[in-house]
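Fold and contact review
Residue strings, one per chain:
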Amino acid sequence: QEDSHFSIQFAENPLSLFVELPPDRSDLEYSQLLCGYVRGMLEMLQFDVTVTMAQSVLRGDEINEMRVDLNQVLQAGAGDDYQEE
């Protein structure tokens, strides 16, 4: 599906302002916390997604880029409690 993903790009990441990764820990994904926030928020809206950091300033990239891939819609529409009478 072509429309099942999007990216969020941001120049500054507050989580990385005071962090320097040593060369032997370059695989550590310090910004994964932000991915968890986005995934949790979208789960509350009934979307099952995979969120990864495609680019990170901590790894030497120019920008921070978060990639969001839609796996499935968990429940279509609002639940019975939210239906109008």
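To be clear, the structure that these remarks concern was listed above.
Residues take numbers from 1 onward in each chain, read along the sequence in its written order. Since the coordinates come from a predicted model, pLDDT governs what is reported: local features require at least 70, and pairs of side-chain atoms require 80 or more to be given and counted, while whole-chain, interface and lining totals use all residues. For the side-chain quantities, the full set of heavy atoms in the structure was used; hydrogens and water were omitted.

Points about the nonpolar core
Within soluble globular proteins, side chains that are nonpolar generally end up buried alongside one another. The cut-off we apply is this: Think of a nonpolar core as a cluster: buried Ala, Val, Leu, Ile, Met, Phe, Trp, Tyr and Cys residues, connected wherever their side-chain atoms sit within 4.5 Å. Note on classification: 1.4 Å probe, protein chains only; a residue is buried when its accessible area is under 20% of the maximum for its type, exposed when over 50%, partly exposed between these limits. Each helix corresponds to a stretch of at least 4 residues labelled H or I by DSSP, and each strand to a stretch of at least 2 residues labelled E; elements are numbered beginning at the N terminus. Contact criterion: two residues are considered in contact whenever any of their non-hydrogen atoms come within 4.5 Å of each other.
The biggest cluster of nonpolar side chains holds ten residues, and these are Phe10, Leu34, Cys35, Val38, Leu42, Val49, Val51, Met53, Met66 and Val68. Of all the secondary-structure elements, those providing two or more residues to this core are helix H1 (32–44), strand E2 (47–55) and strand E3 (64–73). Considering each element in turn, this core owes the most residues, four residues, to H1. Residues within four places of Val51 in sequence aside, it is in contact with Gln32, Cys35, Val38, Arg39, Met66, Arg67 and Val68.

Structural notes on the environment of Leu34
Summarising the element assignment, Leu34 is placed in helix H1. Taking C-alpha positions, Leu34 is 9.5 Å from Asn13, a pair spaced 21 residues apart along the chain. Among all residues touching Leu34, those that are not within four sequence positions of it are Phe10, Asn13, Leu15 and Met66.

With respect to the pattern of salt bridges
If the charged atoms of two oppositely charged side chains come close together, the side chains can form a pair. How we decide: The term salt bridge refers to a side-chain nitrogen of Lys or Arg lying within 4 Å of a carboxyl oxygen of Asp or Glu.
In the structure shown here, the tally under the stated rule is two salt bridges. Here Glu43 and Arg39 are joined by a salt bridge, their closest N and O atoms 3.3 Å apart. One end of the pair, Glu43, and the other, Arg39, are both in helix H1, four residues apart, so they sit about a helical turn from each other. Of the charged contacts, one joins Asp69 and Arg67 as a salt bridge, the two residues approaching to 3.2 Å between their closest N and O atoms. Classification of Arg67 as partly exposed rests on a relative accessible area of 30%.

Structural notes on the sheet that holds E3
Condition: Here, strands pair whenever DSSP counts at least two bridges between them. Helix axes use the C-alpha atoms of the stretch in contact, all axes being lines fitted to C-alpha atoms, and the angles between their N-to-C directions lie in the range 0 to 180 degrees.
One open sheet accounts for three strands, arranged E1-E3-E2; its pairing is antiparallel. Among the strands making up the open sheet, the edge pair consists of strand E1 (5–10) and E2. The mean angle between the axes of side-by-side strands here comes to 25°, regardless of whether they run parallel or antiparallel. Two elements, E2 and E3, share eight bridges in a ladder whose sense is antiparallel. Paired with Phe47 across the bridge in E3 is Val73. Against the sheet, H1 makes contact with E1, E2 and E3, and its axis sits at roughly 160° relative to E2, the strand it touches most.

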